[in-house]
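Inside the fold
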2 protein chains.
Amino acid sequence: MMMVRKSKGIGERHQKILDFIASYQREHKHPPSIREIGEHCDISSTSVVNYYLDQLEKSGYLERDRKISRGMRLTGNTPLGDMLRVPVLGVIQAGEPIPVPSNADFGSFTPEDSVEIATSLMPGKEKGKELFALKVQGDSMIDAMVNDGDIVILKPSQDARNGDMVAVWLSDRNETTLKYFYKEKDGFRLQPANPTMKPIMIKKNELVEIKGKVVMVIRKMDRFN
Amino acid sequence: MMMVRKSKGIGERHQKILDFIASYQREHKHPPSIREIGEHCDISSTSVVNYYLDQLEKSGYLERDRKISRGMRLTGNTPLGDMLRVPVLGVIQAGEPIPVPSNADFGSFTPEDSVEIATSLMPGKEKGKELFALKVQGDSMIDAMVNDGDIVILKPSQDARNGDMVAVWLSDRNETTLKYFYKEKDGFRLQPANPTMKPIMIKKNELVEIKGKVVMVIRKMDRFN
DNA sequence: ATGATAATCGAACGCCTGTTCTGTGTCAAG
DNA sequence: CTTGACACAGAACAGGCGTTCGATTATCAT
């Protein structure tokens, strides 16, 4: 006698059915039918498959939707959340202007020039719209605690609030930088992330172009990158 | 006359059908039936729905699987890749030993104490097995270019190769640190990521425990974090 | 005005699919 | 030995569903 009872958990037959449903779903992107389960689990009768699926449902291993065919879903793990794709527009480096997105950049980028990010990693209320990524080239961003090779995720913006980290092109100095933005009495201050380093003070009449706010930084420890 | 012809692309009816399939799939986690499409797109005949689905298939907007009911899938975007969930075991800070995973940590963690990461962000050949995450607390890791609040993703390890960034507990000094590891003649060197800072030289007889290799660092610019 | 094509429609049909029913075999408990 | 529970089986059935068919209407080009 084989049963899904309190003392033993599920039996061999139950486990085989669960394994088959999981592998079928991975391969076909939809669940199997009761007949397909029977064929692959050596069960010749659809009512026995139904008998086992009912037990697995009662024990919490799967959910059934009786309104549609193939209406079953494994519940073993909580499902992963959503993910989004952000275009990588190029590199950000000290002496070059910052690439910013045009409208075309959001409609036509491919997996090859983008990064995928779980939406659960998005800070606060950020919904992922209009984001773009830049790859850091050179050591000039270390005062922003950003390394050569890091990926910075930005939201396009031409202004900032105190405390935002911004990507700024200083055309008078022919320089790009990543720094925390604070308003001051007669201009504003660009504060390095590294507290041991000095800020840049910008007067109101100096040419400065904020290109975006930094939303996230990703560093891959790929030694051969 | 409304048609899916070269000059015009798809018509209003086609677009409405595509939009319905997309929203139905998001909500129900499986595609609609032909009758459901008809009901929501003001098409009273299943053969007209079939007529439009055939056209959308020929134009590359969707794929149909004629062997099963509801056998349709939108092809508009390349599908996103896989994602994995990494348990966050606690915090890493200067004067405390480093949390490391036990076997139980990989079987039972929940979405609340984990982070989701696209597998495409994994460096090199890393498959995501056995990874764990720690949240950085305090400014003591800035020499590793890692900020308070950053999330470091690690792979458990008790040894390292030259160039690896490691999480090390120095029990003689009662100190945790993140640094690049290099072997030296009579011990090894722990090199800060920030090139302006000095390394720690460790003699062979000093107590040092490598707990893991850093695989990735994630920084969210959540100002209210 | 005419012919061709596209769009639309309802009905009927067949297949896929899950449910229900009845029955049999095995086992443990009384 | 009897009884009840569990596991298993086949058959029949009903419903969901997509396909096919024949027909009508609308639109367009000639």
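The rules we used
Residues numbered from 1 in each chain as written. Chains lettered and ligands numbered in written order. Predicted model: local features only at pLDDT ≥ 70, side-chain atom pairs only at ≥ 80, totals over all residues. Least-squares fit on C-alpha atoms with pLDDT ≥ 70 in both. Contact = placed C-beta atoms within 7 Å. Axes fitted to C-alpha atoms, helices over the stretch in contact; angles between N-to-C directions. Helix = DSSP H or I, 4+ residues; strand = E, 2+ residues; numbered from the N terminus. Parallel < 35°, antiparallel > 145°, perpendicular 65-115°, else oblique. Nonpolar A, V, L, I, M, F, W, Y, C, P; charged D, E, K, R; others polar. Expected span 1.5 Å × (residues − 1). Pairing = 2+ DSSP bridges. pLDDT = per-residue confidence, 0-100.

The next thing to look at is the relation of the copies chain A and chain B. For the pair chain A and chain B, the relating rotation is 180°, the translation along its axis is 0.1 Å, and the fit reaches an RMSD of 0.5 Å. On the angle and the small slide along the axis, the relation comes out as a two-fold axis. A shared binding surface is used by both copies, with 100% of the interface residues of chain A retained as interface residues in chain B.

Let's shift gears to the packing of helix H1 (residues 12-28) of chain B against helix H3 (residues 46-58) of chain B. All names here are of chain B. Running from N to C, H1 and H3 point in directions that differ by 85°, and their axes come no closer than 10 Å. Between H1 and H3, the angle is such that the two are roughly perpendicular. Residue-level inspection shows Arg13, His14, Ile17 and Leu18 of H1 in contact with H3, the latter providing Tyr52, Gln55 and Leu56. Partitioned by chemical class, the residues of the contact of H1 with H3 number four nonpolar, two polar and one charged.

Residue and element names in this part refer to chain A. Its 13 residues give helix H3 (residues 46-58) an end-to-end C-alpha distance of 18 Å, which sits within 8% of 18 Å, the value for a rise of 1.5 Å per residue. On its buried side, H3 packs onto helix H1 (12-28), helix H2 (34-40) and strand E1 (62-64). Looking one or two residues past H3, Gly60 carries a phi angle of roughly 85°, positive in sign.

A few words now on the interface of chain A and chain B. Each partner contributes residues to the interface: chain A has 37 residues there, and chain B has 38 residues. Secondary structure elements with two or more residues in the side of chain A that touches chain B: strand E3 (83-92), strand E4 (114-118) and strand E11 (209-220) of chain A. Tallying contributions element by element places E11 of chain A first for the side of chain A that touches chain B, with seven residues. Classifying every residue of the side of chain A that touches chain B gives 21 nonpolar, nine polar and seven charged. Direction of pairing for E11 of chain A relative to strand E11 (residues 209-220) of chain B: antiparallel, over a ladder of five bridges. Considered in E11 of chain B, the bridge of Met216 of chain A is made with Lys220 of chain B.

On to the confidence of the model for chain A. Residues and elements named next belong to chain A. For chain A, mean pLDDT is 83; residues scoring 70 or higher make up 87% of the total. Here helix H4 (residues 104-107) stands out as the element of chain A with the lowest mean pLDDT, 60, in contrast to H2, whose mean of 94 is the highest. What the predictor reports for the complex is a pTM of 0.70 with an ipTM of 0.65.

To continue, consider the pairing of strand E8 (residues 175-184) of chain B. Residue and element names in this part refer to chain B. Where strand E7 (residues 165-170) and E8 come together, six bridges link them in antiparallel fashion. Of the residues in E8, the one forming a bridge with Trp169 is Thr176. Between E7 and E8, which pair antiparallel one after the other, the connecting turn spans four residues, and Asn174 there sits at a positive phi close to 55°. As judged from the five bridges shared by E8 and strand E9 (residues 187-191), these two strands associate in the antiparallel manner. Residue Tyr180 lies in a different strand from E9, and its bridge partner there is Gln191. What sits between E8 and E9 in their antiparallel hairpin is a turn of two residues.

Three- or four-residue spacings in an α-helix give side chains the same orientation, since the helix completes a turn every 3.6 residues. All names here are of chain B. Between its first and last C-alpha atoms H1 spans 24 Å; for 17 residues at 1.5 Å apiece the expected length is 24 Å, and the two agree. Among the structural elements, helix H2 (34-40), H3 and strand E2 (72-74) are those in contact with the buried residues of H1. Two residues or fewer after H1 comes Lys29, characterised by a positive phi angle close to 65°.

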